[in-house]
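Tertiary structure, described
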Amino acid sequence: MLGYSGYTEHSDYYIAPHDTWESAFEFLKQLACESGDDEFCIGEMQDDLQDNGMFIKNVKWYRWNEDKGEWEHER
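To keep things clear, this report deals only with the structure shown in the data block. (Residues numbered from 1 in each chain as written. Predicted model: local features only at pLDDT ≥ 70, side-chain atom pairs only at ≥ 80, totals over all residues. Heavy atoms only, no water.)

On to the overall build of the protein. When you go through the protein residue by residue, the secondary structure sums to one helix and four strands. Going from the N terminus to the C terminus, the protein shows its helices and strands as β-α-β-β-β. The C-alpha radius of gyration of the protein comes to 13 Å, within 12% of the 11 Å expected for a compact globule of 75 residues. Across its three principal directions, the C-alpha atoms of the protein cover 45 × 20 × 20 Å. Looking at the protein residue by residue over its 75 residues, the buried ones come to 33%. Within the protein, contacts between residues at least 6 apart in sequence are counted, and of these 39% link residues at least 24 apart. Counting only carbon and sulfur atoms, one obtains 46% of the accessible surface of the protein, whose full area is about 5,100 Å². (Helix = DSSP H or I, 4+ residues; strand = E, 2+ residues; numbered from the N terminus. Rg over C-alpha atoms; globule rule 2.2 N^0.38 Å. Buried < 20%, exposed > 50% of the residue type's maximum accessible area, 1.4 Å probe, protein only. Contact = heavy atoms within 4.5 Å. Areas by Shrake-Rupley, 256 points an atom, 1.4 Å probe, with all protein chains shown as cover.)

Next up, the structure:
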């Protein structure tokens with residue numbers, strides 16, 4: 001595993017891997033707020049050596065709940 005990464009709802013790219021889930025989660029919350037998105041995903045960044053590509057696994061989606069004023073696990 002290379003770290004934790006993810007992207008916001010309307011983003012075209014993953015964030016750079018973070019060492020901890022908490023760090024990536026905080027960064028994605030801030031990024032989503034600043035970009036006007038109300039949804040983001042986070043997961044474990046993996047390197048696929050056979051295809052020379054990267055992907056995330058164990059993906060979890062979070063959505064901003066306006067009524068509660070907090071991010072909630074969605075899917």
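What follows concerns the packing of aromatic side chains. Centre-to-centre distance and the angle between the planes together describe a pair of aromatic rings. Under the counting rule described, the total for this entry stands at nine aromatic pairs. Three or more aromatic residues joined by ring pairs make a cluster, and in this case those are Trp21, Phe25, Phe40, Tyr62, Trp64 and Trp71. (Phe/Tyr/Trp six-rings, centres within 6.5 Å; stacked < 30°, edge-to-face > 60°.)

On to the pattern of salt bridges. Going through the model one piece at a time under the given rule, you end up with five salt bridges. Ionic pairing is found between arginine 63 and aspartate 38, a salt bridge with its closest N-O pair at 3.2 Å. Taken together, the residues arginine 63 in strand β3 (residues 53-65) and aspartate 38 in the loop between α1 (21-35) and β2 (39-48) connect sequence positions 25 residues apart. The class of arginine 63 is partly exposed, set by a relative accessible area of 31%. (Salt bridge = Lys/Arg side-chain N within 4 Å of Asp/Glu carboxyl O.)

Here the focus is the pairing of β3. In this structure, β2 lies alongside β3, joined through nine bridges in antiparallel fashion. Opposite glutamate 39, over in β3, you have arginine 63 as the bridge partner. Of the strand pairs in this sheet, β3 and strand β4 (residues 70-73) are connected by four bridges, and their pairing is antiparallel. Looking at β4, one finds that arginine 63 is bridged to glutamate 72. Connecting β3 to the next strand, β4, in antiparallel fashion are four residues, including glycine 69 with a positive phi near 70°. (Pairing = 2+ DSSP bridges.)

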